[in-house]
Structures are given as structure tokens and as C-alpha cells.
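Listed here are the chains, written in short residue letters.
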Amino acid sequence: MKTALNRPALPEGWFYPEDAATAAHLHAELLLELTAGHLLFGCVVKPFAYRHGSDDVLFQHQSSPRFTVVHLTWIGKPEIDAKHPTVEYDGTFEGFVAEEERRYGLKPPAA
């Protein structure tokens, strides 16, 4: 199912950034937290969606059809090691939707 803006429907609890400022804020925090060796270090990504009430953000890779969910810590500085911020998922958008349903029972709204 596609949304009104021709974007794919997100699992329950996930939302597209409301505006460019929100997306920029999420991206800036990711860049602050990343250290060398992290899965996303040096990757060109943009915030695609975020989970309401959580620090999980779905980033879309710009060089491939790949998506990564990262659990930001909001410490505003580089993390303690390359395992943080924690990667919760890495793969296709369809795989992300399936993983949300498998792990949390969250599905996109019915058409």
C-alpha cells in the first residue's frame, strides 16, 4: 500500500519525518554518534522514518536499495564504540516491514 505522497505504508507506530528540519535533526544526531567501524560510518544515508516513542530511526541508503534501523542514543557526541548506536535491522524495505511484524506484530494499515 502507498501513502498519499506515493510512499510505502509504514508499520504501525512508524512515521515519516514531518518536515526537512526533523529529518535534518535525526541525520545530525546519527552523524554525531557514529564512530569508525560502525556499519553506517561513511555511508550516505537519509532519515526515512522514525518509530514514535522510541529512538529507532529507519535510514535509507542513497547508493543502494538498502535500509537500516538504528537506535539512536541522543548523547550528542561519538558513541563509546562501533557497536553503538545499535543497528536493529539492515536490509530491504520489505524485509524491514516483515521484521517489524515478526518481532513486534506491527503491520502497515490495511488498504
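1. Concerning the environment of Asn6
Here is step 1 of the chain: Looking at where Asn6 falls in the secondary structure, it is placed in the segment before β1 (14–15).
Here is step 2 of the chain: Considered as a pair, Asn6 and Ala23 are 17 residues apart in the sequence and their alpha carbons are 18 Å apart.

2. A look at the pattern of salt bridges
Any two side chains of opposite charge can pair if their charged atoms end up close together.
Here is step 1 of the chain: What the rule picks out here adds up to seven salt bridges.
Here is step 2 of the chain: As a salt-bridge pair, Asp90 and Arg66 come within 2.9 Å of each other at their nearest N and O atoms. With Asp90 in strand β5 (residues 86–91) and Arg66 in the loop between β3 (56–61) and β4 (67–71), this pair connects stretches of sequence that are 24 residues apart.
Here is step 3 of the chain: Classification of Asp90 as partly exposed rests on a relative accessible area of 34%.
Here is step 4 of the chain: The class for Arg66 is partly exposed, based on a relative accessible area of 24%.
Here is step 5 of the chain: Counted as one network, the salt bridges with shared partners bring together Glu88, Glu99, Arg102 and Arg103.

What counts, and where the lines are drawn
Residues numbered from 1 in each chain as written. Predicted model: local features only at pLDDT ≥ 70, side-chain atom pairs only at ≥ 80, totals over all residues. Heavy atoms only, no water. Helix = DSSP H or I, 4+ residues; strand = E, 2+ residues; numbered from the N terminus. Salt bridge = Lys/Arg side-chain N within 4 Å of Asp/Glu carboxyl O. Buried < 20%, exposed > 50% of the residue type's maximum accessible area, 1.4 Å probe, protein only.

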